[in-house]
Amino acid sequence: MSAAGTGQVAANGILERTVEAIRTHGGRVTPSRLAVIAAIVDSEGHVSAEEIFERIQASSPDIHLSTVYRTLEALEKLGVVEHVHLGHGRAIYHLEENLHQHLVCESCGTIIEAPHDLTERLEMELEARLGFFTRAHHFSIIGLCRECHRREQGGGSTSPD
Ligand SMILES: [Zn+2]
Ligand SMILES: [Zn+2]
Ligand SMILES: [Zn+2]
């Protein structure tokens, strides 16, 4: 309800909904939590803890990197933020509301956001058949995007270009 004091935090109400979710889960809405969430919203989600820290620096120079780490941890415990890994391990942060499965092209680095229900089906199968509970989106799926695949298929090794 109250304004976020952090400047150009526009977006489609996702900030407000996330703040509401914190309260629902019994958490307090502190300035550092607000700043971290706003930084993730502004970045559209693919930011590491260090990048979040850099974004916050301009408006809140009093928030240290260690605070950002602690804040992210607390927000994850509250269930409003989740980290996932892009490519070979880099952790980036998403608001829970925005979560999706990432497909990463290992050739050009393109990140494709796949609908969640694609991997939800896998999760349900694993649970039903193996009794294994997982959040499949925690790691991205590595592969080749359409363009890179086509290039590798077409750009044969024998014909000189
Ligand atoms: Zn994403
Ligand atoms: Zn992890
Ligand atoms: Zn590619």
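Presented here is an overview of the structure given in this document. The structure presented is a predicted model; accordingly, all values stated were derived computationally and were not measured.

Overview of the packing of helix α1 (residues 14–24) against helix α2 (residues 31–43)
Closest axis-to-axis distance for the α1/α2 pair is 10 Å, and the angle between their directions is 140°. Comparing their axes, α2 and α1 come out oblique. The handedness of the crossing between α1 and α2 is right-handed. Facing α1, whose interface residues are I14, L15, T18 and I22, α2 presents R33, I37, A38 and V41. When the residues that make up the contact of α1 with α2 are grouped by side-chain class, the tally is six nonpolar, one polar and one charged.

Description of the packing of helix α3 (residues 49–57) against helix α4 (residues 65–77)
Here α3 crosses α4 at 120°, and the two axes come no closer than 9 Å. Relative to α4, the element α3 lies oblique. Here the hand of the crossing between α3 and α4 comes out right-handed. Contact residues: A49, I52, F53 and I56 in α3; L65, V68, Y69 and L72 in α4. Class assignment for the residues of the contact of α3 with α4 results in eight nonpolar, no polar and no charged.

Looking at the sheet that holds strand β4 (residues 111–114)
On the basis of which strands lie adjacent, the open sheet formed by three strands has the order β4-β3-β5 and mixed pairing. The open sheet has two edge strands, β4 and β5 (141–143), and neither has a second partner. Each neighbouring strand pair of the sheet contributes to a mean axis angle of 25°, computed without reference to strand direction. Here strand β3 (residues 101–105) pairs with β5 via three bridges, running parallel. By the bridge assignment for β5, V104 is matched with I142.

Some details on the environment of E96
One can find E96 in the loop between β2 (90–95) and β3. Owing to 15 C-beta atoms within 10 Å, E96 belongs among the partly exposed residues under this scheme. Distance from E96 to E82, taken between C-alpha atoms, is 5.9 Å for residues 14 residues apart in sequence. If sequence neighbours within four positions are ignored, E96 has contacts with G79, V80, V81 and E82.

Examining the environment of I40
Tracing the chain through its elements places I40 in helix α2. By C-beta crowding, I40 is classed as buried, having 26 other C-beta atoms within 10 Å. In this structure, I40 is in contact with G45, V47, I52, V81, Y93 and L95, ignoring residues within four places of it in sequence.

Comments concerning the nonpolar core
V36, I37, A38, A39, I40, I52 and I56 are the most contacted members of the largest nonpolar core, which totals 22 residues. Listed by contribution, the elements that provide at least two residues to this core are α1, α2, α3, α4, β1 (81–86) and β2. With eight residues, the top contributor of residues to this core is α2. Contacts of I56, omitting those with residues within four sequence positions, involve A35, V36, A39, I63 and V68.

Parameters and conventions
Residues numbered from 1 in each chain as written. Chains lettered and ligands numbered in written order. Predicted model: local features only at pLDDT ≥ 70, side-chain atom pairs only at ≥ 80, totals over all residues. Axes fitted to C-alpha atoms, helices over the stretch in contact; angles between N-to-C directions. Helix = DSSP H or I, 4+ residues; strand = E, 2+ residues; numbered from the N terminus. Parallel < 35°, antiparallel > 145°, perpendicular 65-115°, else oblique. Left-handed = near helix turned anticlockwise from the far one by under 90°. Contact = placed C-beta atoms within 7 Å. Nonpolar A, V, L, I, M, F, W, Y, C, P; charged D, E, K, R; others polar. Pairing = 2+ DSSP bridges. Buried ≥ 20, exposed ≤ 12 C-beta atoms within 10 Å, placed from the backbone. Core = buried A, V, L, I, M, F, W, Y, C linked by C-beta atoms within 7 Å.

Purely geometric numbers; function is a separate question.
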